[in-house]
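Descriptive structure summary
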Amino acid sequence: MNLIERLKNQEKMNETQQSISQYILQHSEEIPQMSARTLAKKTYTNASTIIRFIKKLGYENYNDFKVHLVRDLKDAQLEDVKIREKEMSISIIDKISELEKNVIEKTKNQLSVQQLERVAQHFQKITYIDFISNDANTCLGDYGCHLFFLAQKIATNYTATNLQLYLTMTPLKDHAIVLISRMGEDKRVVKVAREFRKKGVYTIAITGRVESTLAKCCDEMIPAIHIDSFADFRDMIFQISTQYIFNCLFSLMLSDNYRSIIEFNEAYGEVYIK
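A few points on the structure. (Residues numbered from 1 in each chain as written. Predicted model: local features only at pLDDT ≥ 70, side-chain atom pairs only at ≥ 80, totals over all residues. Heavy atoms only, no water.)

**Focus on the overall build of the chain**
When helices and strands are tallied, the chain shows 13 helices and 5 strands. With the C-alpha coordinates of the chain rotated into their principal frame, the extents come out at 65 × 50 × 45 Å. Of all intrachain contacts in the chain linking residues separated by at least 6 positions in sequence, the fraction that spans at least 24 positions is 69%. Summing over all exposed atoms, the chain offers an accessible surface of approximately 15600 Å²; the carbon and sulfur share of this is 51%. Separation between the mean location of the 36 positive side-chain charges and that of the 35 negative ones in the chain comes to 5 Å. (Helix = DSSP H or I, 4+ residues; strand = E, 2+ residues; numbered from the N terminus. Contact = heavy atoms within 4.5 Å. Areas by Shrake-Rupley, 256 points an atom, 1.4 Å probe, with all protein chains shown as cover. Lys, Arg positive; Asp, Glu negative; His and termini not counted. Charge placed at Lys NZ, Arg CZ, Asp CG, Glu CD.)

Below, the structure is given as structure tokens:
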């Protein structure tokens, strides 16, 4: 039984412990940033009560508890969402809504805030963001191009193998490269990533496999959600997850350069309307 399951299993807990457990479950993403004293204040208890509760759960100290909580949140599985033959329309609509929420929540839980900030800050310093994508992922590259254009970047999605390779042969002093691959084993994308690495070009892999070949070839690897089964919405899940990552990066850039980006898009709107 993992930590999340133990927190939910409150049969042998007293009223105070049940209250603490419920608070942790409802604010699980916030707990890793809280001290035992802060958690005590939030649950109207004291630090000693929190420590006793943590030890009851089987952990030596509060930091050990937080490490396991973060791990279990990252390992949490998506709810089983399958479409049955001849299923009712309203049921399908509800399932897809729940799926999107679950994918975004799981993606958020496995992201590093520090890494996203680092990538966004790097994007702010450069002029060009180039996307490398193939097949079903080309729509994600197109979405990324549109989004980062709004952040005043010249963004291009390279989908043809010859253009991707030609790009690696071009001097790129003011570029960042985003390579998208669900499995991280696309031979064409990996080959391009290796060529960029030789040239010292800053590369970011968006992939569902942390230990993939592509991940090891890039300066940064931002993990998206990946599953193998088509019946479990394999492609849809990766798309939702990747778009959420792009949305987070764009929003960080917007926050840091708010007035300039707003004025840029207002000016663009006036030109477009005319």
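**A look at the sheet that holds strand β2 (residues 154-158)**
Read from one edge to the other, the open sheet built from 5 strands follows the order β2-β1-β3-β4-β5, with strand pairing classed as parallel. Looking at which strands have only one partner, the edges of the open sheet turn out to be β2 and β5 (220-223). Each strand axis lies, on average, 20° off the axis of its neighbour in the sheet, ignoring direction. Of the strand pairs in this sheet, strand β4 (residues 202-207) and β5 are connected by 4 bridges, and their pairing is parallel. (Pairing = 2+ DSSP bridges. Axes fitted to C-alpha atoms, helices over the stretch in contact; angles between N-to-C directions.)

**Quick notes on unusual backbone geometry**
The backbone of Asp-135 sits at a positive phi, close to 50°, despite the residue not being glycine. Inspection of the secondary structure assignment puts Asp-135 in the loop between β1 (128-132) and α8 (138-150). Take Asp-135: its relative accessible area is 58%, and that puts it in the exposed class. The phi dihedral of Gln-152 is positive, around 70°, even though this residue is not glycine. In this structure, Gln-152 sits in the loop between α8 and β2. (Buried < 20%, exposed > 50% of the residue type's maximum accessible area, 1.4 Å probe, protein only.)

**Side note on the pattern of salt bridges**
Enumeration over the complete set of coordinates arrives at 10 salt bridges. Here Lys-101 and Glu-98 are joined by a salt bridge, their closest N and O atoms 3.4 Å apart. Taken together, the residues span about one helical turn, with Lys-101 and Glu-98 both in helix α6 (residues 89-110) at a distance of 3 residues. The closest approach of N and O atoms between Arg-182 and Asp-235, which form a salt bridge, is 3.9 Å. Of the two residues, Arg-182 sits in the loop between β3 (175-181) and α10 (187-199) while Asp-235 sits in helix α12 (residues 234-256), which places them 53 residues apart along the sequence. In this structure, a network of salt bridges that share partners links the residues Arg-84, Glu-87 and Lys-95. (Salt bridge = Lys/Arg side-chain N within 4 Å of Asp/Glu carboxyl O.)

**Focus: the nonpolar core**
A general tendency of soluble globular proteins is for nonpolar side chains to be buried together. Phe-123, Phe-148, Val-178, Ile-204, Ile-222 and Leu-249 are the most contacted members of the largest nonpolar core, which has 32 residues in total. Residue contributions to this core peak at 9 residues, all from α12. Ignoring sequence-local partners within four residues, the contact set of Val-178 consists of Phe-123, Ile-129, Asp-130, Phe-131, Ile-132, Ile-204, Ile-206 and Phe-246. Within the second largest apolar cluster, 20 residues are counted, among which are Leu-7, Ile-31, Ala-40 and Phe-65. (Core = buried A, V, L, I, M, F, W, Y, C linked by side-chain atoms within 4.5 Å.)

**Description of helix α7 (residues 113-125)**
Between its first and last C-alpha, α7 extends 19 Å over 13 residues, near the 18 Å set by a 1.5 Å rise per residue. Restricting attention to buried positions, one finds in α7 the residues Gln-115, Leu-116, Val-119, Ala-120 and Phe-123. Considered in projection along α7, the buried side chains sweep an arc of 130° and stay on one side of the axis. Pointing more than 90 degrees away from the buried face of α7 are the exposed residues Val-113, Gln-114 and Lys-125. (Expected span 1.5 Å × (residues − 1). Arc of directions from axis to C-beta.)

**Some details on the side chain of Lys-66**
The topology assignment puts Lys-66 in helix α5 (residues 62-75). For the buried Lys-66, no salt bridge is present, and the opposite-charge side chain at shortest range is Asp-64, 12 Å distant.

**Some details on the packing of α7 against α12**
It is the contact of α7 with α12, at a shortest axis distance of 9 Å, that shows an interaxial angle of 60°. What the angle tells us is that α7 and α12 run oblique. Crossing handedness for the pair α7 and α12: right-handed. The segment α7 lies against α12, with Leu-116, Glu-117, Val-119, Ala-120, Phe-123 and Gln-124 engaging Cys-248, Leu-249, Leu-252, Met-253 and Asp-256. (Parallel < 35°, antiparallel > 145°, perpendicular 65-115°, else oblique. Left-handed = near helix turned anticlockwise from the far one by under 90°.)

**Let's talk about the state of the cysteines**
All told, the structure shown has 0 disulfides when counted by the stated rule. No disulfide involves Cys-139; its sulfur sits 12 Å from that of Cys-145, the nearest cysteine. With no disulfide of its own, Cys-248 lies closest to Cys-139 among cysteine sulfurs, the gap being 18 Å. (Disulfide = S-S within 2.5 Å.)

Any functional reading would require information beyond the geometric quantities listed.
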